[in-house]
Amino acid sequence: MKRTAAFFTVMMLLAGITSVFSSCSDKDDEPSLPAAEYVAGTYTGDMTCSVMGNESVFEDLTFNVDATDDATVDITLPSFGNPPMQVPQINVSDVKVSGSDGTYTLATTEFSGTTDSGRAVSGTIEGSYADQVLTIRFNLQYGAMPMPMICTFSAPKKRHP
């Protein structure tokens with residue numbers, strides 16, 4: 001009987017220790033951020049664009065992502081290319097963000113407008129954020145171009161000192 005009582009006591013201690021260690025987590029101490037705030041930031045890297053199968057790489061571009069509420073961001077696409085074919089900076093508003101635990105999706109969003117020089121601009125944008133890397137894909141119809149530019153950008157979030 002003593003053996004059974006000792007065995008039962010040891011098992012209860014082990015179960016208690018296991019529950020204490022399994023309930024401790026570093027994530028409990030970190031504040032939870034809304035999806036849009038998690039993705040918001042500055043990203044600098046290279047972008048690849050293709051038009052009718054011809055590919056170009058634009059280096060060292062900076063994309064800005066600003067949270068406008070808990071689940072929505074505005075994305076600033078930087079100017080790229082060289083005159084006379086230079087594409088101006090484009091602001092895309094109201095991109096919905098969803099996800100959790102460091103993995104987020106930027107919903108496909110249509111945009112359109114007119115540049116300062118009067119050229120029409122339209123397209124779609126979508127993306128993802130995982131492992132602190134933002135990936136954006138957008139199709140851009142710019143001015144009188146007969147075919148869209150299909151662009152992809154991927155870069156880690158820029159750290160502030």
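One can find the structure itself at the top, above this paragraph.
Residues numbered from 1 in each chain as written. Predicted model: local features only at pLDDT ≥ 70, side-chain atom pairs only at ≥ 80, totals over all residues. Heavy atoms only, no water.

Notes on the overall build of the chain
Part 1: A tally of regular secondary structure across the chain gives two helices and eight strands.
Part 2: Burial statistics for the chain: of 161 residues in total, 29% are counted as buried.
Part 3: Pairs at least 24 apart in sequence give 40% of the contacts found in the chain among residues at least 6 apart.
Part 4: Accessible surface for the chain amounts to roughly 10400 Å². Of this, 54% is attributable to carbon and sulfur atoms. (Helix = DSSP H or I, 4+ residues; strand = E, 2+ residues; numbered from the N terminus. Buried < 20%, exposed > 50% of the residue type's maximum accessible area, 1.4 Å probe, protein only. Contact = heavy atoms within 4.5 Å. Areas by Shrake-Rupley, 256 points an atom, 1.4 Å probe, with all protein chains shown as cover.)

Things to note about the packing of aromatic side chains
Part 1: For the coordinates displayed, the defined rule picks out six aromatic pairs.
Part 2: Centroid distance Tyr38 to Tyr129: 5.9 Å. Interplanar angle 85 degrees. Geometry classified as edge-to-face. Of this pair, Tyr38 sits in helix H2 (residues 35–39) while Tyr129 sits in strand S6 (residues 120–130); the two residues are 91 residues apart in sequence, bridging distant segments of the chain.
Part 3: Assessed through its relative accessible area of 28%, Tyr38 is described here as partly exposed.
Part 4: The buried category is assigned to Tyr129, whose relative accessible area is 2%.
Part 5: Look at Tyr43 and Tyr129: their rings are 6.4 Å apart centre to centre, the planes differ by 75 degrees, and that puts the pair in the edge-to-face class. Here Tyr43, found in strand S1 (residues 41–51), pairs with Tyr129, found in strand S6; they are 86 residues apart in sequence, far enough to count as distant.
Part 6: Aromatic rings pair up to connect Tyr38, Tyr43, Tyr104 and Tyr129 into one cluster. (Phe/Tyr/Trp six-rings, centres within 6.5 Å; stacked < 30°, edge-to-face > 60°.)

Some words on unusual backbone geometry
Part 1: Between Pro83 and the following residue, Pro84, the backbone shows a cis peptide bond with an omega angle of 5 degrees.
Part 2: Mapped onto the fold, Pro84 is located in the loop between strand S3 (72–77) and strand S4 (90–100).
Part 3: Residue Met52 is not a glycine yet carries a positive backbone phi of 50 degrees.
Part 4: Assignment of secondary structure puts Met52 in the loop between S1 and strand S2 (54–69).
Part 5: Judged by its relative accessible area of 63%, Met52 falls in the exposed class.
Part 6: Phi at Asp101 takes a positive value of approximately 55 degrees, unusual for a residue other than glycine.
Part 7: Counting through the fold element by element, Asp101 comes out in the loop between S4 and strand S5 (103–114).

A few points about the nonpolar core
Part 1: Within the largest apolar cluster, 34 residues are counted, with the highest numbers of intra-cluster contacts made by Val39, Met47, Ile75, Phe80, Ile125, Phe138 and Leu140.
Part 2: Those residues in contact with Phe138, other than ones at most four positions away along the chain, are Met47, Phe63, Leu77, Thr124, Ile125, Met149, Ile150 and Cys151. (Core = buried A, V, L, I, M, F, W, Y, C linked by side-chain atoms within 4.5 Å.)

Regarding the state of the cysteines
Part 1: A complete count under the given rule lists one disulfide for this structure.
Part 2: Put simply, Cys49 and Cys151 are joined by a disulfide, and their sulfur atoms are 2.2 Å apart. Across the S-S bond linking Cys49 and Cys151, the dihedral sits near 110 degrees, which makes this disulfide right-handed. Of this pair, Cys49 sits in strand S1 while Cys151 sits in strand S8 (residues 149–156), and the two are 102 residues apart along the sequence. (Disulfide = S-S within 2.5 Å.)

What about the sheet that holds S8?
Strand pairing in a sheet relies on backbone hydrogen bonds. The paired strands run either parallel or antiparallel.
Part 1: Taken in spatial order, the eight strands of this closed barrel run S1-S2-S3-S4-S5-S6-S7-S8, and their pairing is antiparallel. Averaged over all adjacent pairs, the angle separating strand axes in this sheet is 25 degrees, with direction ignored.
Part 2: In terms of strand pairing, S1 meets S2 through 10 bridges, oriented antiparallel. Bridging from a neighbouring strand, Thr48 pairs with Val57 of S2. (Pairing = 2+ DSSP bridges. Axes fitted to C-alpha atoms, helices over the stretch in contact; angles between N-to-C directions.)

Describing the side chain of Thr109
Part 1: Tracing the chain through its elements places Thr109 in strand S5.
Part 2: Reaching out from Thr109, the side chain makes a polar contact with the backbone oxygen of Ala107 at a distance of 2.9 Å.
Part 3: Other than its neighbours up to four places away in sequence, Thr109 contacts Ser93, Asp94, Val95, Lys96, Gly123, Thr124 and Ile125. (Polar contact = N/O pair within 3.5 Å; in protein donor to acceptor, adjacent residues only side chain to side chain.)

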